[in-house]
Amino acid sequence: MQAAHGRGPAVATGIKRVHPDSVVFTYQGDGDLASIGMAEIVHAASRGENFTVIFINNAVFGMTQGQMAPTTLIGQKTTTSPRGRTAAEAGWPIRICELLDTLEGPAYIAREALTTPPRIRSAKKSIRRAFEAQLAGEGFGIVELLSTCPTWWGMDPLEAIRHIDDTMVEHYPLRVFRDRPAAHDRPAGQQEEAGSDA
Amino acid sequence: MREELFMAGLGGQGVNLAGQLVGRAGMDAGLNVSWFPIYSPEVRGGSSTCTIVLSDGRVGSPTSEHPSSMVLMDTSSAECFAGNLAEGGLLIVNSSLIRHVPVSEGCRLIEIPANQIAAEIGNDRTVNMALIGAWAAGTGALTVDDVARSLREMLPERHHVHMPDNQLALERGAQIAREAD
Amino acid sequence: MNEERRRVFISGNEATAEGGIAGGCRHFFGYPITPQNKIPEYMAEHLPPIGGVYLQAESEVAAINMVYGASSAGARVMTTSSSPGIALMQEGLSYMLGSELPAVIVNMVRGGPGLGNVAVAQSDYWLSTRGAGHGDGRCITLTPYSVQELHNFTAGAFEIADRYQNIVMVLGDAILATMMEPCELIPRREMEPPGRPYAVGPHEAGERERNIVNSLWVDFDAMEAVNIRNEERYARAAAEITDWEEFGSDDPQVLLCAYGISARLCEGAVMRAEEAGVRLRLLRPKTVFPFPTVPIREWSERVDAMLVVELSMGQFVEDVRLAVEGRCPVDLLSRAGGNMPTVSEVLAKVREVAAKAGVAV
């Protein structure tokens, strides 16, 4: 099923509501999820839709050939921020996990980086956990994966990996932000347990 | 005067840049021109083709069914496209890569060992220039000086250090073409 | 003023972007979509250093609404996109027609429907000429056929948009966008201070009535008045700016009708007309809304047949047939999906059309 740019969560919602027992996931880039599809992702997360989102964040529009993404770092040069992104012109890079962490709907939110073997193993665990949450009916899960784009970063692959570990993780800390059943599953009137972080 | 040039090669061989140079040089020589690319879906490595029309009248269609000249840079381009050449047309191939190419009767073939020329110059980015030099001399549509002058205009200043290499490649290609005639 | 115009060898996308700046546009809102990405990239490079605003919206839906806002504030504003993106903008276009606001929109048409492909097509003819989103309203639609015309028409579109307080659509395609040709650049026009009589914005108390820009007309007669005003605009535009070019035999047996890149193929066919053994003429609209109904009607009384060539399955041909009203046969040669007929195929179809109409070939 191919959704229009950014509309993955809306299409997945339709599929999941028709086939609640099917495993459903979306695979979205940063332009897709954090720019044009921001409305769709926020509302799907807020509703606690029981599907899984794999979110690839490489801080650039790759398919349209290197334009600025909402996750592009301050100072990062792209074809549409030729002098480097400035907050004054284009605002700040958006942290999706932190943003979605303000919502009650999501059951699982994590950010991982596809760089070193230990980090890739950790990413695998998070993806597994997000799908387990779906299978258990706990609700919306998202795993953000910091990924490289050597072509449009103008780096070789090793430099690009180092760029994630040295620079990107400063703005996008690696963390499991949430690992619990969706808030609407809790009995009404009950105090939320202290510390929603895992 | 109307010249329809078709160029094809692998991505990365500089097909489009060379084609744009011909277009630009045509404009600088006072002709009407169009440069029309077809990209394969891959950014690199796929085949790359372009058509350049030079005319002292209307350009009309920027595409060409049977180009009056062709520059083919690799074997798959030679296999795919050589048969489209117009009757009496000029075929220029990169003989460093293309061992055999069928040529229709009445057509001219000029073989340019372009990779070898570039290697001798010591600048492997001059492969396309050797072929364009041969095309200019072989068709007479533009002079090698026209092309070199326009190349200097097109290149950003920081690349002007490569001008002697490019000029040398243009001239080597042109020389072989003149000797072939 | 230096009237010497600089001649450069550039792509259609770059010529379009520079045309916008030449036309006085200093506000650009867009969203990346192939095959027109060079336009927003050009604007990102060139607008900020001259005091302009380039903003990459989060979607085409947002981009067109930013255009709406900037236009209501009185700015010369444009956006560019390609077919699926233009489809997303329909809501914003409709609101602008309802609010009677000018804007320039460029559509570098690609294959469809759906995600389609990024190759050449002319399948947004109806989308452009038949309306903009919902409601009674149309886009004035210009159809350039070269890099130079993309530049000139985009620059000129702002005057037309302002004159009629209406959206002007410049209808290009994937080939015109990416091909390169010589282009004489129009000198950049200075930005006009945003302060149009209808616009919202700062003003001294009592200086004027406050302006309200909206498209909500609860009162039936008020709503109908907007529709009538729009129709009056289109009637005026038909009388004042309808434009076309003709090329070929003065005594044609067959008239070719085509716009944009198809007209380039037909021009090639006219240049080789003797191969078909048919006297041939090309009529190519430079505006398709308003449509050159009058010259097409006149030719329909003098030629044996017409042949329409378009890269869609029969959209533009409908307007030709409406103009011809059955006075002569109108045949269609169409290709789609990124395919184009060759000039030889156009000539073969000309022979067929001529033979059917009883022309001795």
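Residues numbered from 1 in each chain as written. Chains lettered and ligands numbered in written order. Predicted model: local features only at pLDDT ≥ 70, side-chain atom pairs only at ≥ 80, totals over all residues. Heavy atoms only, no water.

Regarding the overall build of chain B
For chain B, the helix and strand inventory stands at six helices and six strands. In summary, chain B has a C-alpha radius of gyration of 15 Å against a globular reference of 16 Å for 181 residues, a match within 12%. For chain B, the C-alpha atoms occupy an extent of roughly 40 × 40 × 35 Å along the three principal directions. Counting contacts in chain B only where the partners sit at least 6 residues apart, residues at least 24 apart contribute 57% of the total. Carbon and sulfur atoms make up 48% of the accessible area of chain B, which amounts to about 8000 Å² in all. Taking the average location of the 12 positive side-chain charges in chain B and that of its 21 negative ones, the two points are 7 Å from each other. (Helix = DSSP H or I, 4+ residues; strand = E, 2+ residues; numbered from the N terminus. Rg over C-alpha atoms; globule rule 2.2 N^0.38 Å. Contact = heavy atoms within 4.5 Å. Areas by Shrake-Rupley, 256 points an atom, 1.4 Å probe, with all protein chains shown as cover. Lys, Arg positive; Asp, Glu negative; His and termini not counted. Charge placed at Lys NZ, Arg CZ, Asp CG, Glu CD.)

Focus on the sheet that holds strand β7 (residues 167-173) of chain C
Residue and element names in this part refer to chain C. Spatially, seven strands are ordered β3-β2-β4-β5-β7-β6-β12 in an open sheet, and the strand pairing comes out mixed. In this open sheet, the two strands that pair with only one neighbour each are β3 (53-56) and β12 (287-289). Between one strand and the next, the sheet's axes are offset by a mean angle of 20°, whatever the strand orientation. (Pairing = 2+ DSSP bridges. Axes fitted to C-alpha atoms, helices over the stretch in contact; angles between N-to-C directions.)

A short note on the confidence of the model for chain A
With 91% of its residues at a pLDDT of 70 or more, chain A has an overall mean of 90. Segment residues 184-198 of chain A: pLDDT under 50, and 15 contacts once partners within four positions in sequence are set aside and those in other chains are kept. (pLDDT = per-residue confidence, 0-100.)

A closer look at unusual backbone geometry
Residues and elements named next belong to chain C. With an omega of 10°, the peptide bond running from Thr34 to Pro35 counts as cis. Among the structural elements, Pro35 can be located in the loop between β2 (27-30) and α2 (38-46). Here Gly112 and Pro113 are connected by a cis peptide whose omega angle stands at 5°. Along the chain, Pro113 turns up in the loop between β5 (103-109) and α6 (125-129). One non-glycine residue, Glu100, lies in positive phi territory at about 55°. The residue Glu100 is located in the loop between α5 (90-99) and β5 in this model.

Considerations on the environment of Gly326 of chain C
All names here are of chain C. Tracing the chain through its elements places Gly326 in the loop between α13 (316-324) and β14 (330-334). Residue Gly326 is classed as exposed on the basis of its relative accessible area, which comes to 69%. With 26 residues separating them along the chain, Gly326 and Ser300 place their C-alpha atoms 8.5 Å apart. (Buried < 20%, exposed > 50% of the residue type's maximum accessible area, 1.4 Å probe, protein only.)

Let's talk about empty space enclosed by the protein
Applying the stated criterion across every chain, the model contains three cavities of 30 Å³ or more. Here the lining of the largest cavity is built from residues that sort into two nonpolar, three polar and three charged. (1 Å grid on protein atoms, 1.4 Å probe; cavity = no way out; pocket = protein on both sides within 12 Å on 5 of 7 lines; lining within 4 Å. Points joined across faces, edges and corners; volume = space filled by probe spheres on them. Nonpolar A, V, L, I, M, F, W, Y, C, P; charged D, E, K, R; others polar.)

Observations regarding α13 of chain C
Since there are 3.6 residues in each turn of an α-helix, residues three or four apart along the chain are aligned in direction. Residue and element names in this part refer to chain C. Among all positions of α13, only Phe316, Val317, Asp319, Val320, Ala323 and Val324 are buried. With its buried residues spanning 160° around the axis, α13 presents them on a single face. Phi for Glu325, located one or two positions after α13, is positive at around 50°. (Arc of directions from axis to C-beta.)

Remarks on the pairing of β3 of chain C
All names here are of chain C. Going residue by residue along β3, you find Tyr54 and Gln56 tucked away on one face and Val53 and Leu55 left uncovered on the opposite face. Pairing between β2 and β3: four bridges, direction parallel. Bridged to Phe28 within β3 is Tyr54. The parallel pair β2 and β3 is bridged by α2, and the resulting crossover is right-handed. (Right-handed = clockwise from strand over helix to strand, strands pointing away.)

Observations regarding the sheet that holds strand β5 (residues 108-113) of chain A
Residue and element names in this part refer to chain A. Here five strands make up an open sheet; going across it, the order is β1-β2-β6-β5-β7 and the pairing mixed. For this open sheet the edge positions go to β1 (25-29) and β7 (175-179), each flanked by a neighbour on one side alone. Pairs of neighbouring strands in the sheet enclose a mean axial angle of 15°, with direction left out of account. Examined bridge by bridge, β5 and strand β6 (residues 141-146) share six bridges and lie parallel to one another. Directly across from Ala110, in β6, lies its bridge partner Val143.

Looking at the interface of chain B and chain C
Listed per partner, the contact involves 19 residues of chain B and 23 residues of chain C. Together, the buried faces of chain B and chain C total about 1700 Å²; carbon and sulfur atoms form 63% of this surface. Three residues stand out in chain B for area buried against chain C, namely Met27, Arg58 and Glu65 of chain B, and they jointly supply 38% of the buried area on that side. For the interface between chain B and chain C, the tally reads three salt bridges. (Buried area = accessible area lost by both parts, 1.4 Å probe. Salt bridge = Lys/Arg side-chain N within 4 Å of Asp/Glu carboxyl O.)

Quick notes on the side chain of Arg110 of chain C
All names here are of chain C. Take Arg110: it is sitting in the loop between β5 and α6. Lacking a salt bridge, the buried Arg110 has Glu60 as its closest oppositely charged neighbour, with an N-O distance of 7.9 Å. Within the local environment of Arg110, its side chain forms a polar contact with the backbone oxygen of Thr34, the two atoms lying 2.9 Å apart. Of note is the side chain of Arg110, whose polar atom sits 3.1 Å from the backbone oxygen of Asn117. Discounting chain neighbours no more than four positions away, the residues touching Arg110 are Ile33, Thr34, Pro35, Ser82, Ser83, Pro84, Leu115, Asn117, Val118, Ala119, Ala121 and Ser123. (Polar contact = N/O pair within 3.5 Å; in protein donor to acceptor, adjacent residues only side chain to side chain.)

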